[in-house]
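Chain residues, written in single-letter form:
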Amino acid sequence: MPDVNTLLDLIGNTPIVQVKNMDTGPCNLYLKLENMNPGSSIKDRVALNIIETAEREGKLKPGYTIIEASAGNTAMGLALIGKLKGYNTKVVILDKMNHNKILHLRAIGAEVVVVKSDVGPNDPDHYIAVAKRMAEETPNSFFAGQFSNMSNPLAHELSTAPEIYNQLDGNVDAVVCGVGSGGTISGIGKFFKEKSPKTQIIVADPKGSIVKASVEGKDTRDIPGSGWFVEGIGEDFIPDTLNLSYIDKGYEIDNDEAFKTIRDVAISEGILGGSSCGTLIAAALRYCREQTEEKNVVTFICDNGEKYLNTAYNEEWLKKKNIL
Ligand code: PMP
């Protein structure tokens, strides 16, 4: 029998590589290649844990439809795993997300509902509210609920974090994460606070998002909760799955810095990352250059850049958005 029977066997255990050609100050900067997951993002781990936990708890049964609100990557993980396990998947996606994600989801048979981005978190037309309502109205459905389902951070506490710890022989000084649902940073934060308290947990937050200010205990009422063009991170509310107490420090990264960085990574390292990685790597580079001694710093290539060739890597699009 082969070692790998289905794509499910390929989720997690992603490789880690060191940045070689960029200025990382006195530090070693490592990138964990989450784009190597079969759904090409970090969210495959979460989708798998949400689905398998719901199966064990009897909330997800054969013939059911999985419903979720997503920036696209969780949807991809759910649709892929759902397909292999025999579930239908229906996802609600914001119209500001790259159209390639929608085409990819439809290509593998997911039902995609596109909704408007410019509605506040308390609006009944907000994408999470729409998905919740859809789940209530669909018989034999399961709402994955990545923003409130604790299987999300747990996936990272149990897989992503120990992988990083082992790949660096336990010598990790800082991990830099973005926040969409907060699952990555909260799961990784919990693991390292218990196993390696010296490890600093750092958030890379797009300008306009409320996460960094929330970490600092500041008033967020004047922050718009919008204005960034990277996808998958940045928030206008604090999800239940985000535990701010694990975060030591934050960096605010604007559109110019994020998109410049992701393009620099492609040129310097040959890695074509998704748009959120520009924010993460920009923050990681700032942290590295501020240090006065050698440290091991880890961040992520959260997803694959091919789906952003028409945006992040396209001069015309950047010009239209007035970036760079
Ligand atoms: N990067 C990308 C590209 C994503 O799609 C997501 C998830 N929306 C994240 C980062 C953030 O991960 P989390 O939901 O765990 O905060």
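This write-up is about the structure you can find in this document.

Definitions and limits used
- Residues numbered from 1 in each chain as written.
- Predicted model: local features only at pLDDT ≥ 70, side-chain atom pairs only at ≥ 80, totals over all residues.
- Heavy atoms only, no water.
- Phe/Tyr/Trp six-rings, centres within 6.5 Å; stacked < 30°, edge-to-face > 60°.
- Buried < 20%, exposed > 50% of the residue type's maximum accessible area, 1.4 Å probe, protein only.
- Helix = DSSP H or I, 4+ residues; strand = E, 2+ residues; numbered from the N terminus.
- Pairing = 2+ DSSP bridges.
- Axes fitted to C-alpha atoms, helices over the stretch in contact; angles between N-to-C directions.
- Contact = heavy atoms within 4.5 Å.
- Expected span 1.5 Å × (residues − 1).
- Polar contact = N/O pair within 3.5 Å; in protein donor to acceptor, adjacent residues only side chain to side chain.
- Near = heavy atom within 4 Å.
- Areas by Shrake-Rupley, 256 points an atom, 1.4 Å probe, with all protein chains shown as cover.
- Nonpolar A, V, L, I, M, F, W, Y, C, P; charged D, E, K, R; others polar.
- Patch = residues over 30% accessible without salt bridge, like charges linked within 9 Å, V, L, I, M, F, W, Y side chains within 5 Å.
- Salt bridge = Lys/Arg side-chain N within 4 Å of Asp/Glu carboxyl O.
- Right-handed = clockwise from strand over helix to strand, strands pointing away.
- Core = buried A, V, L, I, M, F, W, Y, C linked by side-chain atoms within 4.5 Å.

Some remarks on the packing of aromatic side chains
1) Next: Overall, the coordinates contain seven aromatic pairs when judged by the stated rule.
2) Next: Measuring from ring centre to ring centre gives 5.1 Å for Phe191 and Phe192, while their planes differ by 75°; the resulting arrangement is edge-to-face. Grouping residues by exposure puts Phe191 and Phe192 together as buried.
3) Next: By the ring-pair criterion, three or more aromatic residues cluster together here, those being Tyr127, Phe147 and Phe237.

Things to note about the environment of Ile66
1) Next: On the secondary structure map, Ile66 appears in strand 3 (residues 65-70).
2) Next: It is 6.7 Å that separates the C-alpha atoms of Ile66 and Ala144, two residues lying 78 residues apart in sequence.

A look at the sheet that holds strand 8 (residues 200-206)
1) Next: Pairing is mixed in the open sheet, where six strands are placed in the order 1-2-10-7-8-9. The outermost strands of the open sheet, each flanked by one partner alone, are strand 1 (16-18) and strand 9 (249-253). Taking the axes of each pair of neighbouring strands and ignoring which way they run, one obtains an average angle of 25° across the sheet.
2) Next: As judged from the six bridges shared by strand 2 (residues 28-33) and strand 10 (residues 296-301), these two strands associate in the parallel manner. Directly across from Leu31, in strand 10, lies its bridge partner Thr299.
3) Next: Set on the sheet, helix 6 (residues 183-195) makes contact with strand 7 (174-177), strand 8 and strand 10; between it and strand 8 the angle comes to about 165°.

A look at helix 8 (residues 255-269)
1) Next: Taking 1.5 Å of rise per residue, 15 residues should cover 21 Å, and helix 8 covers 21 Å from first to last C-alpha, within 8% of that figure.
2) Next: Taken together, the buried positions of helix 8 are occupied by Asn255, Ala258, Phe259, Thr261, Ile262, Arg263, Val265 and Glu269.
3) Next: Those residues of helix 8 that are buried are in contact with strand 1, strand 9, helix 9 (275-290) and helix 10 (315-320).
4) Next: By the N-cap criterion, in which a side-chain oxygen at the helix start approaches the backbone nitrogen of a residue two or three places on, helix 8 is capped by Asp254, the distance to Asp256 being 3.3 Å.
5) Next: Residue Gly270 follows helix 8 closely and has a positive phi angle near 75°.

Comments concerning the site of the ligand
1) Next: Taken together, 15 residues are adjacent to the ligand, and Lys43, Gly180, Ser181, Thr184 and Ser276 come closest.
2) Next: At a separation of 2.7 Å, an oxygen atom of the ligand approaches a polar side-chain atom of Lys43.
3) Next: The separation between an oxygen atom of the ligand and a polar side-chain atom of Ser181 is 2.6 Å.
4) Next: About the coverage of the ligand: the protein hides 97% of its 390 Å² of free accessible area.
5) Next: Residues belonging to the shell around the ligand are distributed by class as follows: three nonpolar, nine polar and three charged.

A few points about the sheet that holds strand 6 (residues 141-143)
1) Next: With respect to topology, four strands assemble into an open sheet ordered 5-4-3-6, the strand pairing being parallel. Each edge of the sheet is formed by a strand with only one pairing partner; in this case those strands are strand 5 (111-115) and strand 6. Here the average twist between neighbouring strands, direction ignored, is 20°.
2) Next: Two strands pair when backbone bridges link them, and strand 3 and strand 6 are joined in this way by three bridges, in the parallel orientation. Its bridge partner lying in strand 6, Thr65 is registered against Ser141.

With respect to a nonpolar patch on the surface
1) Next: Judged by side-chain polarity, Val4, Leu7, Leu10 and Leu84 come together as a nonpolar surface patch covering roughly 300 Å² of accessible area.
2) Next: Mapped onto the elements of the fold, Leu84 is located in helix 2 (residues 73-85).

Structural notes on the pairing of strand 5
1) Next: Alignment of strand 4 (residues 88-94) against strand 5, held across five bridges, turns out to be parallel. From the neighbouring strand, Leu94 faces strand 5, where its bridge partner is Val115.
2) Next: At this point the chain moves from strand 4, through helix 3 (residues 99-107), to the parallel strand 5, and the crossover so formed is right-handed.

Thoughts on the nonpolar core
1) Next: Membership of the largest hydrophobic core comes to 59 residues, with the highest contact counts inside it found for Val175, Ile185, Ile188, Phe192, Val297 and Phe300.
2) Next: A per-element tally of this core places helix 9 first, with nine residues.
3) Next: Counting 23 residues, the second-largest nonpolar core is a separate cluster that includes Met76, Met97, Ile102 and Val112.

Examining helix 6
1) Next: The end-to-end C-alpha distance of helix 6 is 18 Å, a good match for the 18 Å that 13 residues give at a rise of 1.5 Å each.
2) Next: Where helix 6 is concerned, the buried positions are Gly183, Thr184, Ile185, Ser186, Gly187, Ile188, Gly189, Phe191 and Phe192.
3) Next: Buried residues along helix 6 sit in contact with helix 5 (151-167), strand 7, strand 8 and strand 10.

Focus on the side chain of Glu34
1) Next: Within the element layout of this structure, Glu34 appears in the loop between strand 2 and helix 1 (43-56).
2) Next: Relative accessible area serves as the criterion here: at 0%, Glu34 is assigned to the buried category.
3) Next: Separated by 2.7 Å, the side chains of Glu34 and Thr14 make a polar contact.
4) Next: What Glu34 contacts, discounting residues up to four positions off in sequence, is Thr14, Ser40, Ser41, Ile42, Arg45, Thr160, Phe300, Ile301 and Cys302.

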